[in-house]
Amino acid sequence: MMNKKIALFALAALPLQAFAEDAHFRLDGHLSTLGGGLEVGVPLTEKYDVRLGFNQFKFSTNQNSGGLAYKGDLKLSSVGALVDWRPWSGVAHLTAGLVFNGNKFALSATTNPGSSYTFNGATYTSAGGDTLASSVEFNKTVPYLGIGWSGNPKHKGFSFSSDLGIMFQGSPKASVTATGAWGGANIAQMTTDAQNQLNTDLKNFKFYPVLSLGMAYAF
């Protein structure tokens with residue numbers, strides 16, 4: 001009985017073994033809305049691959065909130081663990097997985113003399129030179145869904161790659177600090193209002209679009 005089970009298991013494994021002998025690991029360099037990155041793809045079967053990669057980038061950004069003009073940096077940093085399903089065993093694939101998300105904003109703003117600002121429905125005045133600084137982060141482990149096109153893992157050599165998808169990074173989480181007099185306002189309440197206002201103004205960032213184009217080599 002045991003010998004029959006071993007024989008059946010060996011027969012079932014033959015297609016996977018045959019595929020593994022023809023399939024190739026893939027190294028991919030790409031540019032995307034998550035930054036520049038590198039990725040390694042590993043074929044599992046004719047229809048399934050797994051990918052592990054990272055992305056990095058940093059650029060200056062502006063954001064208006066409550067009448068304040070914030071300036072700062074958006075730092076993109078992420079690591080993705082993805083599974084591709086090739087329903088037609090070709091170059092097109094559907095993708096699902098997890099992204100370990102380090103994306104964050106660092107923002108700051110300075111008031112103008114004699115100006116007023118409205119945060120979360122409350123109005124505050126400033127004689128000028130008062131500041132707000134904020135850091136904004138998102139959920140650290142987030143799901144990703146997408147579609148794409150990449151080289152068939154059974155074909156060795158160079159190929160183009162592309163992905164189009166959505167990273168569900170959750171609602172932004174702002175932390176605000178203030179300096180200055182702010183017209184004698186209750187600073188604790190004002191920073192809470194400014195924080196809530198900023199979270200509202202950044203709410204569209206909870207769905208982060210991903211567009212990636214790259215060049216891969218299977219070896």
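For the structure, check the block above.
Residue positions within a chain follow its written sequence, with the count starting from 1. In keeping with the model being predicted, local features are shown solely for residues with a pLDDT of at least 70 and side-chain atom pairs are shown and tallied solely at 80 or more, while totals for entire chains, interfaces and linings include all residues. Side-chain measures here rest on the full set of heavy atoms in the structure, leaving out hydrogens and waters.

A. Spatial organisation of the side chain of Ser-65. Put simply, DSSP H or I for four residues or longer makes a helix, DSSP E for two residues or longer makes a strand, and each gets a number counted from the N terminus. Note on placement: Ser-65 falls in strand S3 (residues 48–65). Here Asp-201 takes part through its side chain, which lies 2.7 Å from a polar atom of the side chain of Ser-65. Note on definitions: a residue-residue contact is assigned when non-hydrogen atoms from the two residues lie within 4.5 Å. Residues in contact with Ser-65, not counting those within four places in the same chain, are Tyr-70, Phe-119, Gln-197, Leu-198 and Asp-201. Counting of polar contacts relies on pairs of N or O atoms within 3.5 Å, with two restrictions inside protein: one atom must be capable of donating a hydrogen and the other of accepting it, and residues adjacent in sequence are counted only when both atoms are side-chain atoms.

B. Quick peek at the pattern of salt bridges. Any carboxyl oxygen of Asp or Glu within 4 Å of a side-chain nitrogen of Lys or Arg constitutes a salt bridge here. What the rule picks out here adds up to 6 salt bridges. Close ionic contact of Asp-49 with Arg-26 constitutes a salt bridge, the shortest N to O distance being 3.9 Å. Placement of the pair is Asp-49 in strand S3 and Arg-26 in strand S1 (residues 26–32), with a sequence separation of 23 residues. Each member of the pair, Asp-49 together with Arg-26, is buried. In the salt-bridge network here, residues are joined through shared partners; they are Glu-39, Arg-51, Asp-84 and Asp-163. Burial here depends on accessible area, computed with a 1.4 Å probe over protein chains only, as a share of the maximum for the residue type. Under 20% is buried, over 50% is exposed, and the range in between is partly exposed.

Everything listed here is a matter of coordinates, which is why it stays silent on function.
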